[in-house]
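Examination of the molecular architecture
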Amino acid sequence: SKQGMKLCVKLVNDISSIKATLQSNHTLTDLSVKYIPAYYYRSIEGPNPDDEIQRQINMAVDINKRHARIAAGKEKVILTQLHSGKRAELAALQGVDHSVYGEIDPLHLPEV
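So, here's what we can say about the structure. (Residues numbered from 1 in each chain as written. Predicted model: local features only at pLDDT ≥ 70, side-chain atom pairs only at ≥ 80, totals over all residues. Heavy atoms only, no water.)

Re helix H5 (residues 84-94)
For clarity, the cut-off: Working definition: with a 1.4 Å probe on protein chains only, accessible area under 20% of the residue-type maximum means buried, over 50% means exposed, and in between means partly exposed. Numbering goes from the N terminus for both helices and strands, where a helix is a DSSP run of H or I of at least four residues and a strand is a run of E of at least two. Comment: arc refers to directions from the helix axis out to C-beta atoms.
Buried residues of H5: Leu-90, Ala-91, Leu-93 and Gln-94, and no others. Within H5, the buried residues cover an arc of 160° as seen down the axis, which keeps them to one side.

Take a look at the structure:
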């Protein structure tokens, strides 16, 4: 399911915070939930959302393959947390792009 695929992305690269990214799984070196042919990335139509989820999983496990555990965590932080575009893309994919505070009526918030 699509929700299961999103949970796999979160497993290997949790974007909700830098600490969460560092505590994500850095030992998985192969995780495939959907096969994507290489030629598809050159398609005019572009990848569909399910393919984007698999692409993010591939990126995270490729980092795991290339680096030791601690270094993999740091690399994921550099590539995703410190790159605002990628962070926004992953946050939207994982559903952490919306703030609970935005739903609270300002009259109910304490003055600071």
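From this point, things continue past the structure.
Structural notes on the pattern of salt bridges
The cut-off we apply is this: Whenever a carboxyl oxygen of Asp or Glu lies within 4 Å of a side-chain nitrogen of Lys or Arg, that contact is scored as a salt bridge.
A complete count under the given rule lists 3 salt bridges for this structure. Between Glu-89 and Arg-55 there is a salt bridge, and its shortest N-O distance comes to 3.0 Å. Placement of Glu-89 in helix H5 and of Arg-55 in helix H3 (residues 49-66) is noted, with a sequence separation of 34 residues between them. Taking relative accessible area as the criterion, Arg-55 reaches 32% and is therefore assigned partly exposed. Between Asp-62 and Lys-65 there is a salt bridge, with the nearest N and O atoms lying 4.0 Å from each other. Of the two residues, Asp-62 and Lys-65 are both situated in helix H3; the distance of 3 residues between them amounts to about one turn of the helix. With relative accessibility at 33%, the residue Asp-62 sits in the partly exposed group. By sharing partners, the salt bridges in this structure join Glu-52, Arg-55 and Glu-89 into a single network.

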